[in-house]
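Architecture at a glance
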Amino acid sequence: QVHPVESGGGLVQAGGSLRLSCANSWRTFSNNGMGWFRQAPGKEREFVAAISWNGGSTLYADSVKGRFTISRDNAKNTVTLQMNILKPEDTAVYYCAAHLSAYASTTQTRYRYWGQGTQVTVSS
């Protein structure tokens, strides 16, 4: 299993929280920048958040700043997206991806390994 695997999606009411995890038991991504992206029905996939290899640099989409937090634990080979104050417009399939480099990046084409995605649904 080369690709990361997402978990933690589900159904939540507006204002609630969810915690997404991204892990891979076969391949370490500790030297890669990691990112979260999402795709809502009928829309293109968009950037959500990214983190550098050591967690020293993070990037967020304006729409999630102050509500979402990305973090990583390289010892456990996991990346986490804590999502608070969720809104109906956050409803989407969320994807975890590993970057070609060690840096945080918003550019989708620079991410090489993609997970299958996990559904997040926020009800109003």
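About the criteria used
Residues numbered from 1 in each chain as written. Predicted model: local features only at pLDDT ≥ 70, side-chain atom pairs only at ≥ 80, totals over all residues. Heavy atoms only, no water. Helix = DSSP H or I, 4+ residues; strand = E, 2+ residues; numbered from the N terminus. Contact = heavy atoms within 4.5 Å. Pairing = 2+ DSSP bridges. Axes fitted to C-alpha atoms, helices over the stretch in contact; angles between N-to-C directions. Buried < 20%, exposed > 50% of the residue type's maximum accessible area, 1.4 Å probe, protein only. Phe/Tyr/Trp six-rings, centres within 6.5 Å; stacked < 30°, edge-to-face > 60°. Lys NZ or Arg CZ within 6 Å of the ring centre and 35° of its normal. Polar contact = N/O pair within 3.5 Å; in protein donor to acceptor, adjacent residues only side chain to side chain. Salt bridge = Lys/Arg side-chain N within 4 Å of Asp/Glu carboxyl O.

1. Observations concerning the environment of Asn32
Tracing the backbone through its elements, the reader meets Asn32 in the loop between β3 (18–23) and β4 (34–39). Separated by 67 residues in sequence, Asn32 and His99 have C-alpha atoms that sit 5.6 Å apart. With residues up to four places along the chain from it excluded, the contact list for Asn32 reads Arg27, Trp53, Arg72, Ala98, His99, Leu100, Ser101 and Ala102.

2. A closer look at the sheet that holds β3
Strand pairing in a sheet relies on backbone hydrogen bonds, with the paired strands running either antiparallel or parallel. The four strands are arranged β1-β3-β8-β7 in an open sheet whose pairing can be described as antiparallel. The open sheet is flanked by β1 (5–7) and β7 (68–73), the only strands paired with a single partner. In this sheet, adjacent strand axes meet at a mean angle of 15° when their direction is disregarded. Taken together, the six bridges between β3 and strand β8 (residues 78–83) define a ladder with antiparallel strand orientation. Bridge pairing in β8 links Leu18 to Met83.

3. Details of unusual backbone geometry
Most peptide bonds are trans, and most residues other than glycine sit at a negative phi. Even without glycine at this site, Asn77 takes up a positive phi of about 55°. Tracing the backbone shows Asn77 in the loop between β7 and β8. When its relative accessible area of 15% is taken as the criterion, Asn77 is described as buried. Not every positive phi belongs to a glycine, and Ile85 is a case in point at roughly 50°. Within the fold, Ile85 resides in the loop between β8 and β9 (92–99).

4. Looking at the packing of aromatic side chains
A complete count under the given rule lists five aromatic pairs for this structure. Between Phe37 and Phe47, the ring centres sit 5.7 Å apart and the planes meet at 70°, which makes this aromatic pair edge-to-face. Of this pair, Phe37 sits in strand β4 while Phe47 sits in strand β5 (residues 46–51), and the two are 10 residues apart along the sequence. You can call Phe37 buried: its relative accessible area is 0%. Against the face of Tyr95 rests Arg45, its NZ or CZ located 5.5 Å from the ring centre. For Arg45, the ring lying beneath its charged end belongs to Trp114, and the centroid distance is 3.7 Å.

5. So, the side chain of Arg67
Inspection of the secondary structure assignment puts Arg67 in the loop between β6 (58–60) and β7. Its relative accessible area of 8% is what places Arg67 among the buried residues. Within the structure, the side chain of Arg67 is placed 2.8 Å from the backbone oxygen of Ser63, a separation counted as a polar contact. For Arg67, the residues in contact, after removing those within four places along its chain, are Gln82, Met83, Asn84, Ile85, Leu86, Lys87 and Asp90.

6. Points about the pattern of salt bridges
Taken as a whole and judged by the stated rule, the model has four salt bridges. Among the salt bridges present, the one from Asp62 reaches Lys65, with a minimum N-O distance of 3.2 Å. You can call Asp62 exposed: its relative accessible area is 67%. What makes Lys65 partly exposed here is its relative accessible area of 49%. Each of the salt bridges in this network shares a partner with another, and the network as a whole consists of Arg38, Glu46, Arg67 and Asp90.

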